[in-house]
Amino acid sequence: KRDYVHGYHSEEQDRLLHQARYLESMVHDGIDLSRCKNILEVGSGVGAQTAILLERFPEAKITCVDAEPAQIKRAQDHLQGDLDRIEFITATAENMNLTEGSRDGAFICWFLEHVSDPEKVLRKVHAALRPGSPAFAIEVFNPLFRLHPPPLATIRYFQAFNELQKSIGGDPEVGLPLGALFRRAGFREVRQEFLTFTYDGGDAELRNSRLDYWFEILGSGFPALERAGKATKADLAAIKADLEKLKSDPHSTFLFGFVRVFAHA
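Bear in mind the structure is a predicted one, so any value in this text is a computation, not a measurement.

Reading the values: rules and limits
- Residues numbered from 1 in each chain as written.
- Predicted model: local features only at pLDDT ≥ 70, side-chain atom pairs only at ≥ 80, totals over all residues.
- Heavy atoms only, no water.
- Core = buried A, V, L, I, M, F, W, Y, C linked by side-chain atoms within 4.5 Å.
- Buried < 20%, exposed > 50% of the residue type's maximum accessible area, 1.4 Å probe, protein only.
- Helix = DSSP H or I, 4+ residues; strand = E, 2+ residues; numbered from the N terminus.
- Contact = heavy atoms within 4.5 Å.
- Pairing = 2+ DSSP bridges.
- Right-handed = clockwise from strand over helix to strand, strands pointing away.
- Disulfide = S-S within 2.5 Å.
- Axes fitted to C-alpha atoms, helices over the stretch in contact; angles between N-to-C directions.
- Parallel < 35°, antiparallel > 145°, perpendicular 65-115°, else oblique.
- Left-handed = near helix turned anticlockwise from the far one by under 90°.
- Phe/Tyr/Trp six-rings, centres within 6.5 Å; stacked < 30°, edge-to-face > 60°.
- Lys NZ or Arg CZ within 6 Å of the ring centre and 35° of its normal.
- Salt bridge = Lys/Arg side-chain N within 4 Å of Asp/Glu carboxyl O.
- Nonpolar A, V, L, I, M, F, W, Y, C, P; charged D, E, K, R; others polar.

Some words on the nonpolar core
A general tendency of soluble globular proteins is for nonpolar side chains to be buried together.
Step number 1: Counting residues in each nonpolar core, the largest one holds 51 residues, and the members touching the most others are L33, F107, Y157 and F256.
Step number 2: By residue number, the principal contributor to this core is helix α8 (residues 204-220), which donates six residues.
Step number 3: When sequence neighbours within four positions are dropped, the list of residues in contact with L33 reads I39, L53, F57, G105, A106, F107, P134 and F136.
Step number 4: Counting residues in hydrophobic clusters, the runner-up holds 33 residues, among them I89, V125, A137 and A263.

And the structure:
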């Protein structure tokens, strides 16, 4: 079990399920695991991404690895109609013990940012894959998030959010070295993409939807920030005020992005 900046409460589990569907096309389009029979998903959490993988690749079985029993329980409830296609393993990714070459595809999403040694995790994944198996990872690079005009309260809060994640062993910028981490772990044919999307008043409804989503992420970290003494309820109220101001400003602009890596074992 590892510290998790967002927490494991039911509201956070609901957020993860909603997030997976909200970003499905962004995250999954271009990912092809159709030839895989046994996909390894590391950091599978509540099964939010697992459900999408099961739908997109109906011939595959999935091995879900997560260290938090409460997340696995929620995943089992969420995926109860497909449990015959899933193997759940309760273990940290750094210590998972899978038979060498026993899987033929791998998928990692929004997980390595919470790991203190992502290269070790990727080495474990590489060992579990048959040679030539495809592997995909989707990760954050938080400097890609930008708002104009710059909302000062939100910028300060986001800095505190990132500092907290680093203090508990994560890396909110892991997307930048992600390709290099894959190569060091033994993967080949590594291709890295920085995906960015800009939203402004040209489609205010879409921009505001993306803003709501991002501020929901920020708010999910508030309990941990408050416990750590890095944010107060006044800070949370201030970023909510920033959100409403940005949504009502016809000229406000939001830059949103993340990183994907495609590779083979």
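What about the pairing of strand β2 (residues 61-66)?
Step number 1: Burial within β2 is extensive, with five of its six residues counted as buried.
Step number 2: Judged from the five bridges that link them, strand β1 (residues 38-42) and β2 form a sheet pairing that is parallel. Across the sheet, residue V42 finds its bridge partner in β2, namely V65.
Step number 3: For the handedness criterion, the β-α-β arrangement of β1, helix α3 (residues 48-56) and β2 is classed as right-handed.
Step number 4: Judged from the five bridges that link them, β2 and strand β3 (residues 86-90) form a sheet pairing that is parallel.

What to know about the state of the cysteines
Step number 1: Considering all chains together, one arrives at zero disulfides under this definition.
Step number 2: No disulfide involves C64; its sulfur sits 13 Å from that of C109, the nearest cysteine.
Step number 3: Owing to a relative accessible area of 1%, C64 belongs among the buried residues under this scheme.

Things to note about the packing of helix α1 (residues 10-22) against helix α4 (residues 69-78)
When two helices pack together, their arrangement is captured by the angle between the axes and the distance separating the axes.
Step number 1: One way to put it is that α1 packs onto α4 with a least axis distance of 11 Å and a crossing angle of 50°. The orientation of α1 with respect to α4, classified from their angle, is oblique. The interaxial crossing formed by α1 with α4 has right-handed handedness. From α1, S10, Q13, D14, L16 and L17 reach across to α4, where they touch A70, Q71, R74 and H78.

Considering α3
Step number 1: The buried fraction of α3 amounts to seven of the nine residues, a majority that puts the element mostly inside the structure.
Step number 2: Of the residues making up α3, those classed as buried are A48, Q49, T50, A51, I52, L53 and L54.

Digging into the packing of aromatic side chains
Step number 1: Scanning the model with the defined rule gives 18 aromatic pairs in all.
Step number 2: Plain terms: the ring middles of F158 and W214 are 5.1 Å apart, the flat faces sit at 80° to each other, and that makes the pair edge-to-face. Of the two residues, F158 sits in helix α6 (residues 152-167) while W214 sits in helix α8, which places them 56 residues apart along the sequence.
Step number 3: Owing to a relative accessible area of 11%, F158 belongs among the buried residues under this scheme.
Step number 4: With relative accessibility at 4%, the residue W214 sits in the buried group.
Step number 5: Among the aromatic side chains, those forming a connected cluster through ring pairs are Y22, W110, F145, F158, F161, F197, Y213, W214, F215, F254, F256 and F258.
Step number 6: For the cation-ring pair, R191 lies above F262, with the distance from its terminal atom to the ring centre recorded as 4.2 Å.

Re the pattern of salt bridges
Step number 1: Per the counting criterion, the structure on display carries 16 salt bridges.
Step number 2: Residue D14 pairs with R74 through a salt bridge whose shortest N-O separation is 2.6 Å. In this pair, D14 is assigned in helix α1 and R74 in helix α4, connecting sequence segments 60 residues apart.

With respect to the packing of α6 against α8
Step number 1: The N-to-C vectors of α6 and α8 enclose an angle of 55°; their axes lie 10 Å apart at closest approach. In terms of axis orientation, α6 runs oblique to α8. For the crossing formed where α6 meets α8, the hand is left-handed. From α6, T154, Y157, F158 and F161 reach across to α8, where they touch W214, F215, I217, L218 and G219.
Step number 2: Within the contact of α6 with α8, the residues separate by chemical class into seven nonpolar, two polar and no charged.

Examining the environment of L147
Step number 1: If you trace the backbone, L147 turns up in strand β6 (residues 146-148).
Step number 2: Residue L147 is classed as buried on the basis of its relative accessible area of 14%.
Step number 3: Considering only alpha carbons, one finds L147 and F254, 107 residues apart in sequence, at a separation of 4.8 Å.
Step number 4: For L147, the contacting residues outside a window of four places in its chain are T154, L211, W214, L246, T253 and F254.

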